[in-house]
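Each chain is listed here by its residues.
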Amino acid sequence: MQVIDRKDNPLLNRVEIRFVWNHPNSPTPDLSQMIAAAAKAEPGAKEDLVFIKDVSTRFGMPRTTGLALIYSSEEASSIAPNFIVKRHNRVSGEESSAEG
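A brief report on the enclosed structure follows. (Residues numbered from 1 in each chain as written. Predicted model: local features only at pLDDT ≥ 70, side-chain atom pairs only at ≥ 80, totals over all residues. Heavy atoms only, no water.)

As for the nonpolar core
- If you look at the biggest cluster of nonpolar residues, it comprises 14 residues, and the most contacted ones within it are Val 50, Ile 52 and Ala 68.
- The leading source of residues in this core is helix H1 (residues 31-41), at six residues.
- Within the second largest apolar cluster, nine residues are counted, among which are Leu 69, Tyr 71, Ala 80 and Ile 84. (Core = buried A, V, L, I, M, F, W, Y, C linked by side-chain atoms within 4.5 Å. Buried < 20%, exposed > 50% of the residue type's maximum accessible area, 1.4 Å probe, protein only. Helix = DSSP H or I, 4+ residues; strand = E, 2+ residues; numbered from the N terminus.)

Let's talk about unusual backbone geometry
- Positive phi is not limited to glycine here, since Asn 13 has a value of about 55 degrees.
- Position of Asn 13 among the secondary structure elements: in the loop between strand S1 (2-9) and strand S2 (14-22).
- Although it is not a glycine, Asn 25 adopts a positive phi angle of roughly 60 degrees.
- Structurally, Asn 25 can be placed in the loop between S2 and H1.

A few points about the pattern of salt bridges
- Applying the stated criterion across every chain, the model contains three salt bridges.
- Here Arg 14 and Glu 16 are joined by a salt bridge, their closest N and O atoms 2.9 Å apart.
- The class of Glu 16 is buried, set by a relative accessible area of 13%.
- Salt bridges linked by common partners bring Arg 6, Asp 8 and Glu 42 together as one network. (Salt bridge = Lys/Arg side-chain N within 4 Å of Asp/Glu carboxyl O.)

Section: the sheet that holds S2
- Strand order in this open sheet of four strands is S1-S2-S4-S3, and the pairing throughout is antiparallel. Looking at which strands have only one partner, the edges of the open sheet turn out to be S1 and strand S3 (50-57). On average, each strand axis in the sheet is tilted by 15 degrees relative to the strand beside it, whichever way the strands run.
- Of the strand pairs in this sheet, S2 and strand S4 (residues 63-71) are connected by nine bridges, and their pairing is antiparallel. Bridge pairing in S4 links Phe 19 to Gly 66.
- Packed on one face of the sheet, H1 meets S1, S2, S3 and S4 and runs near 120 degrees to S3. (Pairing = 2+ DSSP bridges. Axes fitted to C-alpha atoms, helices over the stretch in contact; angles between N-to-C directions. Contact = heavy atoms within 4.5 Å.)

Let's talk about H1
- Taken together, the buried positions of H1 are Leu 31, Met 34, Ile 35, Ala 37, Ala 38 and Ala 39.
- On its buried side, H1 packs onto S2, S3, S4 and helix H2 (82-92).

All quantities given are derived from atomic positions and should not be read as evidence of function.
Structure (structure tokens):
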């Protein structure tokens, strides 16, 4: 995973990372792989506070682009839309805690 743009957003207590992932001879990375790579790219980031948005893979090209939103705290991550939180909780196996 290659970070193209990194932007601090102090108003929302998050870091926004736009990335490109070249994956020749392998399938498109799944959500859990993207979360782990984004957490590794940002020092001190926790995987449960990383949310991936705007993922796009062009047909026939082994290149995926996307946006990772890395929040500084669980309180700050409460502004993330519910459908994104539920999608990420399904990946981590915490579906029951996302209800509400």
